[in-house]
Amino acid sequence: MQFWKKKEWAFFVGVIAVICLMVQLRPKAGSADTFISPECVAYCEEIGMQYGICPELLEAIMESESSGNPKARNGNCKGLMQINENYHKKRMKKLGVTDIYNARSNIMLAADYLSELFQEHGDLGTVLMIYNGSKNAKKRGEAADYTQYAQTIMKRSEQLERLHQK
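Residues numbered from 1 in each chain as written. Predicted model: local features only at pLDDT ≥ 70, side-chain atom pairs only at ≥ 80, totals over all residues. Heavy atoms only, no water.

Caption draft 1: Expanded view of the packing of helix H2 (residues 38-51) against helix H3 (residues 55-66). It is at 8 Å that the axes of H2 and H3 come closest, and there the two elements cross at 135°. By the angle between their axes, H2 is oblique relative to H3. The element H2 and its partner H3 pack so that their crossing is right-handed. For the pair formed by H2 and H3, the contact residues are Cys40, Val41, Cys44, Glu45 and Gly48 on the first element and Pro55, Leu58, Glu59 and Met62 on the second. Looking at the contact of H2 with H3, its residues break down into 6 nonpolar, 1 polar and 2 charged. (Axes fitted to C-alpha atoms, helices over the stretch in contact; angles between N-to-C directions. Helix = DSSP H or I, 4+ residues; strand = E, 2+ residues; numbered from the N terminus. Parallel < 35°, antiparallel > 145°, perpendicular 65-115°, else oblique. Left-handed = near helix turned anticlockwise from the far one by under 90°. Contact = heavy atoms within 4.5 Å. Nonpolar A, V, L, I, M, F, W, Y, C, P; charged D, E, K, R; others polar.)

Caption draft 2: The arrangement of the sheet that holds strand S3 (residues 83-84) in detail. Reading across from one edge, S1-S2-S3 is the order of the 3 strands in this open sheet, with antiparallel pairing throughout. The sheet is open, and its two borders are formed by strand S1 (73-74) and S3, each paired with just one other strand. Pairing geometry for S1 and strand S2 (residues 77-78), over 2 bridges, is antiparallel. Pairing of asparagine 74 across the sheet is with cysteine 77, part of S2. (Pairing = 2+ DSSP bridges.)

Caption draft 3: How the structure looks around helix H5 (residues 103-121). Over its 19 residues, H5 extends 27 Å from the first C-alpha to the last, a length consistent with the 27 Å expected when each residue adds 1.5 Å. Of the residues flanking the start of H5, the one acting as N-cap is asparagine 102, its side-chain oxygen 3.2 Å from the backbone nitrogen of arginine 104. Once H5 finishes, glycine 122 follows within two positions and takes phi at roughly 75°, a positive value. (Expected span 1.5 Å × (residues − 1). Polar contact = N/O pair within 3.5 Å; in protein donor to acceptor, adjacent residues only side chain to side chain.)

These figures come from the coordinates and say nothing about function on their own.
Below you can see the structure in the form of structure tokens.
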């Protein structure tokens, strides 16, 4: 009987050790930043400044759209910001973008599009719903009935802004 108690105790201590290790490896609330690469964060800062868009908004969109993977693809949507070449051919030509998987170019395309949407609609929630291709985005935006996507991006952008102010 004593033998089993020792095994049970060792198992329990092992589980606790694993949990402690996992907690230490996980980003802590208040100190967590973003899991996207420092290079992409720098692009978000540079391009955000150029377009008058909060870099944290670009980062939050990137996290949601591609998890920071510059080679991400979902149907016709490609790259960090999941840009659909079919809809943005003119924008690509205007900006001189030839490789949609190039991180800087992909972020620039997204920022240019977001800037256009902000000029047209003004409201962040509406802009995000249109960016995401949500049905009835304009009507929902007028009613402040934002999709989960828009709410998540807005919340994450705010978190990143608070973290970057430290």
